[in-house]
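Now for the letters of each chain:
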Amino acid sequence: MLVKEKSRREIEEKLKGLGNYVKIDYLLSCLKQPIDFDTKRFVLLELAKLYKEKKMYLEAGKMTQAAAPINTAFKGMISDYILAAEMFVKAGNFDNADITFEKAIGCASDEQRFEIKQVKIDLYKNQAEHYFKNDKRSSAVIAFERLLTLNVTENERREVQEKLLGLYEKLGKIREYYSLKRAM
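This one's a predicted model, so the numbers in the text were calculated from it and none came from an experiment.

Enquirer: With reference to specific residues and values, describe the packing of helix α3 (residues 37-53) against helix α4 (residues 57-67).
Expert: Two elements in contact, α3 and α4, have axes separated by 8 Å at closest approach and are oriented at 160 degrees. When the interaxial angle is binned, α3 and α4 end up roughly antiparallel. The two elements α3 and α4 cross, and the hand of that crossing is left-handed. On α4, the residues that touch Arg41, Leu44, Leu45, Leu47, Ala48, Tyr51 and Lys52 of α3 are Tyr57, Glu59, Ala60, Met63, Thr64, Ala66 and Ala67. Grouping the amino acids of the contact of α3 with α4 by side-chain chemistry returns 10 nonpolar, 1 polar and 3 charged.

Structure representation (structure tokens):
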């Protein structure tokens, strides 16, 4: 798609009459053009919003992660990284989520680091519960195992281990079942 617009206002005006998929195509074309940082950040965040609406969480995470370093304030950069990590967690891409959380922690003060780590635990826990409730056992196992690697409380650890035992049993993962049973 040929893009003539260069400024944020021009791009916003062009987007008004377009459908979501055409917007995505247009915005992707905008990224290929030489545009200023503010406009690029706007385009990336608009793409992330559209991808999120379409439940394309991996793409939304990639766009938000790309927009984060363009932010001029550390607080905004941290919130962008956390949002990107949330999208990666929803997509089930825990490796990218971990990397993105580390980028957020790298930009944060000591107080913020604790908050970010708590957000990470909450996101992993919520996603694991979502998989568990929707009977996505293999995905739930992966999420619960990741959750155990984090700094969770003893009660949370015990609860996660009990859920993992049930999942291992249902999935026929006998070796993991007995290994975890001994560890408990």
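Resuming the write-up.
Enquirer: Go over the layout of surface pockets, please, and point to the residues and values.
Expert: A volume near 190 Å³ is recorded for the largest pocket. Among the secondary structure elements, those contributing two or more residues to the lining of the largest pocket are α6 (94-107) and α7 (110-133). A total of 5 residues in the lining of the largest pocket trace back to one element, the largest contributor, which is α7. Looking at the lining of the largest pocket, its residues break down into 4 nonpolar, 2 polar and 3 charged.

Enquirer: I'd like a description of the environment of Asn134, backed by residues and values.
Expert: Within the secondary structure, Asn134 is located in the loop between α7 and α8 (137-148). Reaching out from Asn134, the side chain makes a polar contact with the backbone oxygen of His130 at a distance of 3.0 Å.

Enquirer: How would you summarise the packing of aromatic side chains if you had to cite specific residues and measurements?
Expert: Per the stated rule, a full pass over the model turns up 2 aromatic pairs. Here the aromatic rings of Phe94 and Tyr124 are separated by 5.2 Å at their centres, their planes lie at 45 degrees, and the arrangement is tilted. Residue Phe94 is located in helix α6, and its partner Tyr124 is located in helix α7; the two are separated by 30 residues in the primary sequence. In this structure, Phe94 and Tyr124 share a single accessibility class: buried. The ring of Phe132 is capped by Lys163, whose NZ or CZ atom sits 5.3 Å from the centre of that ring.

Enquirer: Describe the pattern of salt bridges, with residues and values.
Expert: Per the counting criterion, the structure on display carries 16 salt bridges. Between Asp98 and Lys120 there is a salt bridge, and its shortest N-O distance comes to 3.3 Å. With Asp98 in helix α6 and Lys120 in helix α7, the pair connects residues that are 22 residues apart, well separated along the chain. By sharing partners, the salt bridges in this structure join Asp95, Asp98, Lys120 and Arg146 into a single network.

Enquirer: Quick rundown of the packing of helix α1 (residues 8-15) against α3? Include the residues and the values.
Expert: Direction vectors running N to C along α1 and α3 enclose 25 degrees, while the axes themselves pass 9 Å from each other. As the angle between them shows, α1 and α3 are arranged roughly parallel. Where α1 abuts α3, its residues Arg8, Ile11, Glu12 and Leu15 lie against Asp38, Thr39, Phe42 and Val43.

Enquirer: Can you break down the nonpolar core residue by residue, with the values?
Expert: By size, the foremost hydrophobic cluster in this structure holds 37 residues, and its most contacted members are Ile78, Ile116, Tyr124, Phe144, Leu147 and Leu164. Listing elements by their share of this core, those giving two or more residues are α5 (74-91), α6, α7, α8, α9 (154-171) and α10 (174-183). Not counting chain neighbours up to four residues away, the residues in contact with Tyr124 comprise Val89, Phe94, Ala97, Asp98, Phe101, Arg146, Leu147 and Leu150. With 20 residues, the next largest nonpolar core counts Cys30, Phe42, Val43 and Ala48 among its residues.

Scoring rules and cut-offs
- Residues numbered from 1 in each chain as written.
- Predicted model: local features only at pLDDT ≥ 70, side-chain atom pairs only at ≥ 80, totals over all residues.
- Heavy atoms only, no water.
- Axes fitted to C-alpha atoms, helices over the stretch in contact; angles between N-to-C directions.
- Helix = DSSP H or I, 4+ residues; strand = E, 2+ residues; numbered from the N terminus.
- Parallel < 35°, antiparallel > 145°, perpendicular 65-115°, else oblique.
- Left-handed = near helix turned anticlockwise from the far one by under 90°.
- Contact = heavy atoms within 4.5 Å.
- Nonpolar A, V, L, I, M, F, W, Y, C, P; charged D, E, K, R; others polar.
- 1 Å grid on protein atoms, 1.4 Å probe; cavity = no way out; pocket = protein on both sides within 12 Å on 5 of 7 lines; lining within 4 Å.
- Points joined across faces, edges and corners; volume = space filled by probe spheres on them.
- Polar contact = N/O pair within 3.5 Å; in protein donor to acceptor, adjacent residues only side chain to side chain.
- Phe/Tyr/Trp six-rings, centres within 6.5 Å; stacked < 30°, edge-to-face > 60°.
- Buried < 20%, exposed > 50% of the residue type's maximum accessible area, 1.4 Å probe, protein only.
- Lys NZ or Arg CZ within 6 Å of the ring centre and 35° of its normal.
- Salt bridge = Lys/Arg side-chain N within 4 Å of Asp/Glu carboxyl O.
- Core = buried A, V, L, I, M, F, W, Y, C linked by side-chain atoms within 4.5 Å.

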